[in-house]
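Analysis of the macromolecular model
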Amino acid sequence: RYALEFDAPYRQLGFHGAPKSSSVFLMPTVSCIVDLIEWPPFVLNLEDVEIAHFERVHFQLKNFDLVFVFKGFETETSGNSSYIRISSVPMPELETLKKFLDEQQIKYYEGPANLNWPNTLKTIR
């Protein structure tokens, strides 16, 4: 009657990060990355993701940031709705997240600095 699908998060693949202003425990599922405990809930549909970029990846740092750029960013004009950043992810989670993104067939890149995404995407457009 209804086309509902339920998905269970992989708690063992969970990681801490800050998609908004505070750090939460994020858990991957087959098709999403979610935090359903804190308010407001965070749901990132991986089908909407074009690429991922790991920022501030340097062996001396304790944390890195993870930016997801959405499909259709080429035509988006407002900039901020074309991507989402998860900040302050602990460095030990880097390889686990790379493996997860590989399994999801999401291309990823990494670099030592934060990028100015509105300007970067504007230049690509």
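Below or above, wherever it landed, is the structure these notes cover. (Residues numbered from 1 in each chain as written. Predicted model: local features only at pLDDT ≥ 70, side-chain atom pairs only at ≥ 80, totals over all residues. Heavy atoms only, no water.)

On to a negative patch on the surface, then. On the surface, E5, D7, E47 and D48 cluster together to form a negatively charged patch. Within the secondary structure, E5 is located in the segment before β1 (15-17). (Patch = residues over 30% accessible without salt bridge, like charges linked within 9 Å, V, L, I, M, F, W, Y side chains within 5 Å. Areas by Shrake-Rupley, 256 points an atom, 1.4 Å probe, with all protein chains shown as cover. Salt bridge = Lys/Arg side-chain N within 4 Å of Asp/Glu carboxyl O. Lys, Arg positive; Asp, Glu negative; His and termini not counted. Charge placed at Lys NZ, Arg CZ, Asp CG, Glu CD. Helix = DSSP H or I, 4+ residues; strand = E, 2+ residues; numbered from the N terminus.)

Evaluated as defined, the whole model comprises four salt bridges. Ionic pairing is found between E95 and K98, a salt bridge with its closest N-O pair at 3.6 Å. Note that E95 and K98 are positioned in helix α1 (residues 94-103) at a spacing of three residues, about one turn of the helix. Note on K98: relative accessible area 11%, which makes it buried. Members of the salt-bridge network, linked through shared partners, are E95, K98 and E110. (Buried < 20%, exposed > 50% of the residue type's maximum accessible area, 1.4 Å probe, protein only.)

Another point: the sheet that holds strand β3 (residues 32-35). Spatially, β1-β2-β3-β4 is the arrangement adopted by the four strands of the open sheet, whose pairing is antiparallel. Every other strand in the sheet has two partners, leaving β1 and β4 (42-45) as the edge strands with one partner each. Averaged over all pairs of adjacent strands, the angle between their axes in this sheet comes to 25°, without regard to strand direction. Taken together, the two bridges between strand β2 (residues 24-28) and β3 define a ladder with antiparallel strand orientation. When the bridges of β3 are listed, M27 appears paired with V34. (Pairing = 2+ DSSP bridges. Axes fitted to C-alpha atoms, helices over the stretch in contact; angles between N-to-C directions.)

Keep in mind these numbers describe shape, not what the thing actually does.
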